[in-house]
Amino acid sequence: MKVILGVSGASGAALSLAAAGHLRTLGASIDLVVSLAAERTLATECGPDALAQLTALCDRRHDLRDVGAAIASGSSPVAGMLVAPCSMRSLAAISLGLDDNLLTRAAGVQLKERRPLVLLAREAPLTLAHLRNMTAVTEMGGIVMPPVPAFYMCPRTTDEIVQQIAARAVDLLRLGRTVAQAWTGDAP
């Protein structure tokens, strides 16, 4: 099962590393697309080796400019795509079908092929433009999942928060067994 992991320049770069780890746990083959802004955000938020660590978790990294890559075609078998984090710029391009780079093109392909597309849209507060773009993507079949912590799980560390959010996003791809910690009705 092949999954596309897109990483755009919004804050929350650690979500991409956590998502890649969860996808690896499920045995997914990961095709990675990273925006230029995401490269900077990964280095700033996760350290200078973060991009190399992320790339090592994936099977293939595509150049953002390569709109002729296999994942830019609906004929390429893909189980779905996760954009973690998803900037408002990428959200806008996806919602409008701009397909101006490989990340937005691959996301558009998921929508047109009716495959799962999960966007960890990261921004606060939201403008009317952001909300309209989220509505448009949702109406096209995408899932907009702001990375909101599950405080009811009583996380003790930032890493626990990041891991749970990324696990929930991976679970939304419906690849098989769930990886997120499930609420049982009792406080942990």
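In the block above lies the structure referred to throughout.
Structure report, in brief. Everything numeric in this text was worked out from a predicted model, so none of it was measured.

1. Quick word on the pairing of strand β5 (residues 117–121)
Now for step 1: Across the five residues that make up β5, a large majority, five, are buried.
Now for step 2: The two faces of β5 match: L117, L119 and A121 on one face and V118 and L120 on the other face are all buried.
Now for step 3: Pairing between strand β4 (residues 80–86) and β5: four bridges, direction parallel. Counterpart to L82 in the pairing with β5 is V118.
Now for step 4: Strand direction decides the pairing type here: β5 and strand β6 (residues 143–144), joined by two bridges, are parallel. Counted as the bridge partner of V118 is I143 from β6.
Now for step 5: For the handedness criterion, the β-α-β arrangement of β5, helix α6 (residues 128–139) and β6 is classed as right-handed.

2. Concerning the environment of S29
Now for step 1: Among the structural elements, S29 can be located in strand β2 (residues 29–34).
Now for step 2: Taking the C-alpha atoms as reference, S29 lies 8.4 Å from I4; in sequence the two are 25 residues apart.

3. Examining the environment of V109
Now for step 1: Its location among the elements puts V109 in helix α5 (residues 102–112).
Now for step 2: Counting along the chain gives 38 residues from V109 to I71, while the straight-line C-alpha distance between them is 8.1 Å.
Now for step 3: Setting aside anything within four residues of it in sequence, one finds V109 in contact with I71, A72, S73, G74 and R115.

What counts, and where the lines are drawn
Residues numbered from 1 in each chain as written. Predicted model: local features only at pLDDT ≥ 70, side-chain atom pairs only at ≥ 80, totals over all residues. Heavy atoms only, no water. Buried < 20%, exposed > 50% of the residue type's maximum accessible area, 1.4 Å probe, protein only. Helix = DSSP H or I, 4+ residues; strand = E, 2+ residues; numbered from the N terminus. Pairing = 2+ DSSP bridges. Right-handed = clockwise from strand over helix to strand, strands pointing away. Contact = heavy atoms within 4.5 Å.

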